[in-house]
Amino acid sequence: PVGDKQTQPWKKGQDEVLGTVAAFLNTEGGTLLIGIQDKPREWGDEPAIVLGINPDFRWLKKDRMDVEGYTHKLLDLFRNSFSRPSVVATNIKITYEEALDKTVCRIDVTGVPRENNMEVYTDVSVQTVHGTKELFFNRQSDTTVNVSPSTMTQYITSRFNHPYRNR
């Protein structure tokens, strides 16, 4: 359940944000908009639906039920869930925009350097096909994918340069 009918914080939604941001970090970067409904392909040229993030404010601390509190919640979520918390300050920028009188959260992510041990793993709350801890996400076309350990190894080996590889 999402929106005004939601009765508790939506852990799956938080995990989707974590996975997508981790995937952007592990690939070429990207932009995530929170508060915009994913647009099914069959909609064609119809605009996406703006939901806004304002209903989520009620799950924040009483004195921080605004965009500042939302930013703090996201930053804490990233720092506590990513294997490389330093990427939060260096590779993630959070801003807000108004669309149809609703607040939308924009997260711009730059990919991490393609060097060995720079890849980002994440922990999630909701069980995925590969568990909840030290998961590896990447982007494949317009999709965030939680890849298997063998696929992760192949991806990292082919994508992140090892310092001794070209000697």
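Residues numbered from 1 in each chain as written. Predicted model: local features only at pLDDT ≥ 70, side-chain atom pairs only at ≥ 80, totals over all residues. Heavy atoms only, no water.

### A few points about the nonpolar core
Counting 36 residues, the largest nonpolar core has V21, I34, L74, F78, F82 and I107 as its most contacted members. Listing elements by their share of this core, those giving two or more residues are α1 (11-26), β1 (30-34), α2 (67-81), α3 (87-91), β2 (92-99), β3 (102-109), β5 (135-140) and α4 (149-159). Among the elements that take part in this core, α1 stands out by supplying seven residues, more than any other. If near-sequence neighbours (up to four positions away) are discounted, F78 is found in contact with V17, L18, V21, V88, I92, I94 and I107. (Core = buried A, V, L, I, M, F, W, Y, C linked by side-chain atoms within 4.5 Å. Buried < 20%, exposed > 50% of the residue type's maximum accessible area, 1.4 Å probe, protein only. Helix = DSSP H or I, 4+ residues; strand = E, 2+ residues; numbered from the N terminus. Contact = heavy atoms within 4.5 Å.)

### Focus on the packing of aromatic side chains
Going through the model one piece at a time under the given rule, you end up with five aromatic pairs. Geometrically, the ring pair formed by F57 and Y70 is edge-to-face, given 6.1 Å between the ring centres and 65 degrees between the ring planes. Separated by 13 residues along the polypeptide, F57 in the loop between β1 and α2 and Y70 in helix α2 bring together distant segments of the chain. A residue is classified by how much of its surface remains accessible, and Y70, at 9% relative accessible area, is buried. (Phe/Tyr/Trp six-rings, centres within 6.5 Å; stacked < 30°, edge-to-face > 60°.)

### Considering the sheet that holds β5
Strand order across the open sheet formed by three strands is β4-β5-β6, with antiparallel pairing between neighbours. What marks the edges here is a single partner per strand, and that holds for β4 (121-122) and β6 (143-146). Direction of pairing for β4 relative to β5: antiparallel, over a ladder of two bridges. By the bridge assignment, Y121 is partnered in β5 with F136. Those strands touched by α1 are β4, β5 and β6, and its axis lies near 70 degrees from that of β5. (Pairing = 2+ DSSP bridges. Axes fitted to C-alpha atoms, helices over the stretch in contact; angles between N-to-C directions.)

### Overview of the layout of surface pockets
Empty space within the second largest pocket amounts to approximately 170 Å³. The residue inventory of the lining of the second largest pocket, partitioned by class, reads two nonpolar, two polar and four charged. (1 Å grid on protein atoms, 1.4 Å probe; cavity = no way out; pocket = protein on both sides within 12 Å on 5 of 7 lines; lining within 4 Å. Points joined across faces, edges and corners; volume = space filled by probe spheres on them. Nonpolar A, V, L, I, M, F, W, Y, C, P; charged D, E, K, R; others polar.)

### Overview of the pairing of β2
Bridge count for β2 against β3 is eight bridges, and the pairing is antiparallel. Residue pairing for β3: I94 is matched across the bridge by I107.

### Remarks on the sheet that holds β2
Strand order in the open sheet made by the three strands is β1-β3-β2, with antiparallel pairing throughout. Among the strands making up the open sheet, the edge pair consists of β1 and β2. The average angle at which neighbouring strand axes cross in this sheet is 25 degrees, direction not considered. Strands in contact with α2 are β1, β2 and β3; relative to β2, the strand with the most contacts, it is inclined by about 145 degrees.

### Some details on the environment of A23
Along the chain, A23 falls in helix α1. Looking at A23, the relative accessible area reads 0%, which means it is buried. Apart from residues lying up to four places away in sequence, A23 is in contact with F137, N138, R139 and T144.

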